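The residues making up each chain are set out below.
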Amino acid sequence: MNFSPGTATLLEELDKKLMVLLRDGRTLIGYLRSVDQFANLVLHRTIERIYVGKEYGDIPRGVFIVRGENVVLLGEIDKDKEGDLPLQQVSVDDILDAQRREQEAKQDQEKLLVKALKERGLHYIPDLSHDDMF
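Residues numbered from 1 in each chain as written. Predicted model: local features only at pLDDT ≥ 70, side-chain atom pairs only at ≥ 80, totals over all residues. Heavy atoms only, no water.

Explain the overall build of the protein chain here, please?
Scanning the protein chain for helices and strands turns up 1 helix and 6 strands. Its helices and strands taken in sequence order, the protein chain reads β-β-β-β-β-β-α from the N to the C terminus. Looking at the protein chain residue by residue over its 134 residues, the buried ones come to 25%. A fraction of 47% describes how many contacts in the protein chain between residues 6 or more apart in sequence connect residues 24 or more apart. By element, 52% of the accessible surface of the protein chain is carried by carbon and sulfur atoms, the whole surface being about 9,900 Å². (Helix = DSSP H or I, 4+ residues; strand = E, 2+ residues; numbered from the N terminus. Buried < 20%, exposed > 50% of the residue type's maximum accessible area, 1.4 Å probe, protein only. Contact = heavy atoms within 4.5 Å. Areas by Shrake-Rupley, 256 points an atom, 1.4 Å probe, with all protein chains shown as cover.)

Quick question: what am I supposed to make of helix α1 (residues 92-119) here?
Side chains of residues three or four places apart in an α-helix project in the same direction, reflecting 3.6 residues per turn. For α1, spanning 28 residues, the distance from its first C-alpha to its last is 41 Å, which sits close to the expected 40 Å at 1.5 Å a residue. Those residues of α1 lying buried are I95, A98 and L117. Elements in contact with the buried residues of α1: β3 (41-52) and β4 (55-66). Immediately downstream of α1, the backbone of G121 shows phi near 80°, a positive value. (Expected span 1.5 Å × (residues − 1).)

Is there a simple way to think about unusual backbone geometry in this case?
In most cases, non-glycine residues show a negative phi, while peptide bonds are predominantly trans. Phi angles above zero are rare outside glycine, and A39 is one such case at about 65°. Inspection of the secondary structure assignment puts A39 in the loop between β2 (27-35) and β3. A positive phi is found at R45, a non-glycine position, where the angle reads about 50°. Inspection of the secondary structure assignment puts R45 in strand β3.

What is the right way to look at the sheet that holds strand β6 (residues 88-89) in this model?
Note: strands within a sheet are paired through backbone hydrogen bonds, in either parallel or antiparallel orientation. Judged by pairing direction, the sheet is mixed, and its 6 strands sit side by side in the order β5-β1-β2-β3-β4-β6 without closing on themselves. The open sheet has two free edges, formed respectively by β5 (71-76) and β6, since each of these has just one partner strand. Sheet topology note: the β3/β4 ladder contains 10 bridges and is antiparallel. Each residue of the ladder has a partner; that of E48, found in β4, is I59. Relative to the sheet, α1 contacts β3 and β4, its axis offset from that of β3 by approximately 60°. (Pairing = 2+ DSSP bridges. Axes fitted to C-alpha atoms, helices over the stretch in contact; angles between N-to-C directions.)

I tried to follow the nonpolar core on my own but got confused; where do I start?
One recurring pattern in soluble globular proteins: nonpolar side chains tend to sit buried together. By size, the foremost hydrophobic cluster in this structure holds 12 residues: L10, L18, V20, L22, L28, L32, V35, A39, L41, L43, F64 and V66. Taken together, the elements giving at least two residues each to this core come down to β1 (17-22), β2, β3 and β4. Those residues in contact with L43 that sit more than four places away from it in its chain are V20, L28, G30, Y31, L32, G62, V63, F64 and V66. Counting 6 residues, the second largest nonpolar core, distinct from the first, contains I50, I59, V90 and I95. (Core = buried A, V, L, I, M, F, W, Y, C linked by side-chain atoms within 4.5 Å.)

And the structure:
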């Protein structure tokens, strides 16, 4: 295979339906309409897909501009396999509620961990690697 260097390979993905995973953990699905030398993307007919357990929900976002440095993973959606997801689609309200409950459960679990470690004389430093510190 002959690959172009750098972001030039993204030109082959123009007008294709892509899934883009961002640094903050969000998943976007949309049609790639434009890309520049910094790998900044313009997605059209974009949805934000939220996964919780075996369920997912899609939030329509429309035209979405993504700064290249925020892209972790990018891939083409296989149209033949797109409908065969082993997940159940739910409404936006239901998935947002499930996401909120999941985040609250994680926070409660972390509080218990901090308390248990403190009782043993240890100091817990939370993982800040997911924060946007730059």
